[in-house]
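Each chain, written out:
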Amino acid sequence: MKTEQIYLAPYAENEVAPGATKDMRAMFAKYLYHWPLFVSIMALCIGLALWYAATRPPVYTINAKVTIKDDTKTGDMKTALQEITISQTPKAMESEVQKLKTRALIGRVVDELQLWSTYHVEKTYGMEEVYSTSPVRFHLLDQRRPLTERSFSIYIESKDHYILTQPSGNEIRIPFNSISTNSFGSWKLDTTSHLIDHIGKKIVVMLNSPENATNAWIGKLNVALNKTAPIVDIDLEDTDPERGVMVVNHVIKSYKMLDIEEKNKVTESTLKFIDDRLTDVTGELTTVEKDVEGYKSSQGLTDISSQSQVYLQSVQENDNELNKVNVQLNVIDGIERYINSAGSNGNAPATLGIEDPGLNNLVSQLAVLNLERNKLMATTPEDNPLFAPLNSQILSTKNSIKGNIKAIKSSLLATRRQLQGFNSKAESSIKNIPGQERQYLSIKRQQAIKENLYVYLLQKREEIGLQYASTLSDINTIESAYFEGPKSHKEVPLSIAIMCGFLLPVGLIGFRKAWRNKIHDLEDLKSTGVPVIAELIQEEGDSSIVVLDRNTFAIAEQFRALRSSLFHLYDNRKGSCVTLCTSSVSGEGKSFISNNLAISIAASGKLTIILELDLRRPMMSKYFSFDKKCPGISDYLQGKATIDHIVQPSQVRPNLFLIAAGSMVDDPAELLESSRMVELIRTLRERYDHILLDTPPLHLVTDAMILGRMSDKTVYMVRQDVTSKAELQFIKQLNQEQMMPDMHIVFNGIQRNRTGYGYSYDYSYYNYPKSKSISSRKLMRNLASRF
């Protein structure tokens, strides 16, 4: 018979190289086998995502727009307050925007709206928060200790009463709008217009600490400065649109009130200074007027000469200028004392009469910094690191004020000396006036000075009072709060669900592979250093002899390839060849491969014999039909039979013979060590071309190692996803220590469709009519049947 030399290509028919393309196809095929797992997990994840989106309350976006006057861009334009030197530091848009999210402002809104209390109604899938449609409102009347996170449940019995469930489980019937007292204070529940809709329902009132509620609302609120216009965009996300609109509008309102309060604090400081000065000047003016009246009465004076009137008018004008200089010097002295004092952290002094804009701005800036420091001290210890940058700014501002004061004071002192010199010249001229008239003019001049100062201060106070009464905020509302339609919650959950639908099966498959710790592909076998001469696919079927079954032509061709590779190892030598077939443990296909390989070798025309040397668990009867009463190897080794008595024809091939295990023995290893075993192999070498030894698993018993001394080659079976990776070190040790002759591995049981590993075959290549007529539909049915 002609020897068939058929080698399988190491790559698929459409594959050009063992690179990334093959890896991707193998990976795809491996995961395709588990498509039911992917479909089920994907369906579960998408179902959970849709359920989550359906049960989650809708979220609304509340928007509003405000504009803030940017004083840094107004140039030299001044308001009425700035013209009378009561200006503040110019506002910067960026810093003002950040104030909208400060804890002080949001905490004020939370307290005024009592946002630390929420109301929940029981639904099919848990609790649903209600606010605008809540049937009750919680009001804390007298707080005894700080609020902490807590909740209590009420059952609305009627429009007049509700039943409160205490932590102990006791129930109390309480009228609405009545005061109740517990550990944190006195409180009551007021009804709303929605009470009728909730009679007979359970309401859960949840209380949170104001600090936690403030943090939560700060996280919800977004404030952004429009870069193209001086407009601030405010948006907030909330499940209750009416509550969200109320919160945003209240934030804007509170911010306006805060802006007005800051302005009024500066104005109140200046008004207090003017009132104090008016009190002093009023007393001085009254004294001078009494002096004029008493002098005229004592001296009998009724009129002043025309020359005295002209002189008096000139002196009065000079005195007015001198008075303004003295007022400014007094103000400068007050500022200087404030700056030099150690504890100057209160209200900054007024700059009334000071016309230097630089000093006015610095004093106003110092006032604002002190206000910010005082607000921070109300909630934060003074040793907190937050005070460091603020104290540094205050110190820098004070140093700048000192420099300005020095220059201004020097200029005012020079002006005062000039005016005083003019007065000295005028007084020398008065000597020509009669004594009585001179004394009268002196008293009259003091009266005029006090009157002018009084009128000046009174005028300024009226102007500032009018400005204080009509203080306007620099914040204007462009668009009041409004809400848009609810956002869809499906995109993010569905994206996560799809991702999990792919990743979870991949992870489960990878975990299963790692957990099983089985040899899966050739990469695992590389560590042994033993060459792989064949790869055999997993073929489902009832036949144990696959090389004769035309329906299993793929694996039959692989056995022919194994036969060709084995002949190549023997280099087609003319002498007899002894091949030992073994494995690590049972179940790796050792007997299946050795018997089918024997048939394939016999099909090539070689006189072949296979020996069943697994004396403990003989399996040859599964593959061949023979006389079981015929003696076997164990009988021969015990001297109960001769070689001619134990050799039987295989009934499969005329040139294929077999020797069965024989009767069961207690000491197979000792029998295999006997000289009769050596004599048997020597005799068979003389009669047959190829001898196959089907031995027991090597890692379980030593029989195969004994027979290895009589063999030429070792074919070691490794089965995919059956052989443990722990056997790799054992195989490596066998090879390195040369305990078995010329070891080669057969990788068995490759599941192409399941793992994506192995060969692809062109079924139209072979001339088997039945196989050639296999349709793609039938192949798909066969593939589906494996799932």
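Residues numbered from 1 in each chain as written. Predicted model: local features only at pLDDT ≥ 70, side-chain atom pairs only at ≥ 80, totals over all residues. Heavy atoms only, no water.

Engineer: Any chance you could break down the overall build of the protein for me, citing the residues and the numbers?
Structural biologist: Check the secondary structure of the protein and you find 24 helices and 21 strands. Scored against the burial criterion, the 787 residues of the protein give a buried share of 44%. When contacts within the protein are restricted to residue pairs at least 6 apart in sequence, long-range pairs at least 24 apart make up 78% of them. Carbon and sulfur atoms form 52% of the exposed surface of the protein, whose accessible area is close to 41,400 Å². (Helix = DSSP H or I, 4+ residues; strand = E, 2+ residues; numbered from the N terminus. Buried < 20%, exposed > 50% of the residue type's maximum accessible area, 1.4 Å probe, protein only. Contact = heavy atoms within 4.5 Å. Areas by Shrake-Rupley, 256 points an atom, 1.4 Å probe, with all protein chains shown as cover.)

Engineer: Explain the packing of aromatic side chains residue by residue, including any values.
Structural biologist: Using the criterion set out here, one finds nine aromatic pairs in the structure. On the basis of an interplanar angle of 85° and a centroid distance of 5.8 Å, the ring pair of Tyr60 and Phe483 is categorised as edge-to-face. In this pair, Tyr60 is assigned in strand E1 (residues 60-68) and Phe483 in strand E13 (residues 475-483), connecting sequence segments 423 residues apart. Relative to Phe176, the ring of Tyr162 lies with its centre 5.0 Å away and its plane at 40°, an arrangement referred to as tilted. Here the residue Tyr162 occupies a position in strand E6 (residues 161-165), and Phe176 occupies one in the loop between strand E7 (171-175) and strand E8 (179-182), the gap between them amounting to 14 residues. Here a set of aromatic residues connected by ring pairs shows up, and it is made of Trp116, Phe138, Phe152 and Trp187. (Phe/Tyr/Trp six-rings, centres within 6.5 Å; stacked < 30°, edge-to-face > 60°.)

Engineer: An account of unusual backbone geometry is requested, with residue identities and associated values reported.
Structural biologist: In this model, Gln738 sits at a positive phi of 50°, which is unusual for a non-glycine residue. Given a relative accessible area of 68%, Gln738 falls into the exposed group. Despite not being glycine, Asp742 has its phi angle at roughly 40°, a positive value. Within the secondary structure layout, Asp742 lies in the loop between helix H21 (727-736) and strand E21 (743-750).

Engineer: Explain helix H12 (residues 491-516) to me, and be specific about the residues and the numbers.
Structural biologist: Counted at 1.5 Å a residue, the expected span for H12 with its 26 residues is 38 Å, and the 37 Å between its end C-alpha atoms agrees. Here H12 has its buried residues at Pro493, Ala497, Gly501, Pro505 and Ile509. In the stretch just after H12, Asn517 is the one whose phi turns positive, near 55°. (Expected span 1.5 Å × (residues − 1).)

Engineer: Could you give me a rundown of the confidence of the model for the protein, with the residues and numbers involved?
Structural biologist: Fine structural detail should not be taken from predicted coordinates in areas where pLDDT scores are low. Overall, the predicted model of the protein reaches an average pLDDT of 79, with 82% of residues at or above 70. For the stretch residues 74-90, pLDDT sits under 50, and the model shows 34 contacts to residues farther than four places along the chain or on other chains. Here residues 758-787 is a poorly scored stretch, pLDDT under 50, and it has 33 contacts once near neighbours within four places are set aside; other chains count. (pLDDT = per-residue confidence, 0-100.)

Engineer: I'd like a rundown of the side chain of Thr723, residues and numbers included.
Structural biologist: Mapping Thr723 onto the fold places it in the loop between strand E20 (713-719) and H21. Among the polar contacts made by the side chain of Thr723, one reaches the side chain of Glu588 at a distance of 2.4 Å. Within the structure, the side chain of Thr723 is placed 3.0 Å from the backbone nitrogen of Arg719, a separation counted as a polar contact. Beyond its immediate chain neighbours, meaning those up to four positions away, Thr723 contacts Lys518, Ile519, Glu588 and Val718. (Polar contact = N/O pair within 3.5 Å; in protein donor to acceptor, adjacent residues only side chain to side chain.)

Engineer: Go over the sheet that holds E13 with me, naming the residues and quoting the values.
Structural biologist: As summarised here, the arrangement of the four strands in space is E11-E12-E1-E13, forming an open sheet in which the pairing is antiparallel. This sheet does not close on itself; its edge strands, each paired only once, are strand E11 (221-225) and E13. Taken pair by pair, the neighbouring strands of this sheet meet at an average axis angle of 15°, ignoring direction. Here E1 runs beside strand E12 (residues 231-238); their pairing, made up of eight bridges, is antiparallel. Looking at the pairing, Thr61 lines up with Glu237 of E12. Here helix H6 (residues 210-220) sits on the sheet and contacts E11 and E12; the angle it forms with E12, its principal contact strand, is near 120°. (Pairing = 2+ DSSP bridges. Axes fitted to C-alpha atoms, helices over the stretch in contact; angles between N-to-C directions.)

Engineer: Give me the lowdown on H6, citing residues and values where you can.
Structural biologist: What H6 keeps buried is the set Ala213, Thr214, Trp217 and Ile218. Take H6 and look down its axis: the buried residues cluster within an arc of 135°, on one side only. (Arc of directions from axis to C-beta.)

Engineer: Describe the sheet that holds strand E14 (residues 532-537), listing the residues and the values that go with them.
Structural biologist: An order of E14-E21-E20-E15-E19-E16-E18-E17 is seen for the eight strands of this open sheet, with the pairing classed as mixed. Only two strands of the sheet have a single neighbouring strand rather than two, namely E14 and strand E17 (648-649). Examined bridge by bridge, strand E15 (residues 577-583) and E20 share five bridges and lie parallel to one another. Looking across to E20, one finds that Cys581 is bridged to Val715.

Engineer: Kindly report on a nonpolar patch on the surface, identifying the contributing residues and their values.
Structural biologist: Taken together, the side chains of Phe28, Leu32, Trp35 and Val39 make up a nonpolar region of the molecular surface, amounting to roughly 420 Å² of accessible area. Those elements that place two or more of their residues in the nonpolar patch are helix H1 (20-33) and helix H2 (35-55). As for its placement among the helices and strands, Trp35 is situated in helix H2. (Patch = residues over 30% accessible without salt bridge, like charges linked within 9 Å, V, L, I, M, F, W, Y side chains within 5 Å. Salt bridge = Lys/Arg side-chain N within 4 Å of Asp/Glu carboxyl O.)

Engineer: I'd like a rundown of the pattern of salt bridges, residues and numbers included.
Structural biologist: Tallied over the entire structure, the rule returns 18 salt bridges. Where Glu112 meets Arg108, a salt bridge forms, and the shortest distance between an N and an O atom there is 3.5 Å. With Glu112 and Arg108 both in helix H5 (residues 103-113) and four residues apart, this pair spans about one turn of that helix. A single salt-bridge network, built from bridges that share partners, covers Glu129, Lys220, Asp238 and Arg243.

Engineer: Could you give an account of the environment of Leu700, naming the residues involved and the relevant values?
Structural biologist: Structurally, Leu700 can be placed in the loop between strand E19 (690-694) and helix H20 (703-708). By relative accessible area, Leu700 is classed as exposed at 55%. Residues Leu700 and Ser586 lie 114 residues apart in sequence; the distance between their C-alpha atoms is 8.6 Å. Ignoring any residue separated from it by four or fewer positions in sequence, one finds Leu700 in contact with Ser584, Val585 and Ser586.

Engineer: Now, about the packing of helix H14 (residues 553-570) against helix H15 (residues 590-603): what can you tell me, with residues and values included?
Structural biologist: The contact between H14 and H15 brings their axes to 9 Å, and the two run at 75°. The orientation of H14 with respect to H15, classified from their angle, is roughly perpendicular. Here Ile555, Phe559, Arg560, Leu562, Arg563, Leu566 and Phe567 of H14 lie close against H15, whose contacting residues are Phe592, Ile593, Asn596, Leu597, Ser600, Ile601 and Ala603. Classifying every residue of the contact of H14 with H15 gives ten nonpolar, two polar and two charged. (Parallel < 35°, antiparallel > 145°, perpendicular 65-115°, else oblique. Nonpolar A, V, L, I, M, F, W, Y, C, P; charged D, E, K, R; others polar.)

Engineer: Outline the pairing of strand E18 (residues 656-659), listing residues and values.
Structural biologist: By the bridge criterion, four bridges tie strand E16 (residues 608-612) to E18 in an arrangement that is parallel. Residue Ile610 lies in a different strand from E18, and its bridge partner there is Leu658. Sheet analysis places E17 next to E18, joined by two bridges and oriented antiparallel. Each bridged residue has a counterpart across the sheet, and for Gln648 the counterpart in E18 is Leu658. Here E17 folds back onto E18, and the loop between the two strands holds six residues, one of which, Gln651, carries a positive phi near 65°.

Engineer: Tell me about the environment of Pro230, residues and numbers included.
Structural biologist: Along the chain, the position of Pro230 falls in the loop between E11 and E12. Given a relative accessible area of 46%, Pro230 falls into the partly exposed group. Along the backbone, Pro230 and Thr67 are 163 residues apart, and their C-alpha atoms lie at a distance of 6.0 Å.

Engineer: Describe the side chain of Glu557, and please don't skip the residues or the numbers.
Structural biologist: Along the polypeptide, Glu557 turns up in helix H14. A residue is classified by how much of its surface remains accessible, and Glu557, at 3% relative accessible area, is buried. Among the polar contacts listed, one links the side chain of Glu557 to the side chain of Arg560, at a separation of 2.7 Å.

Engineer: Tell me about the environment of Gln365, residues and numbers included.
Structural biologist: When you line up the elements, Gln365 lands in helix H9 (residues 357-377). With 29 residues separating them along the chain, Gln365 and Ile394 place their C-alpha atoms 8.8 Å apart.

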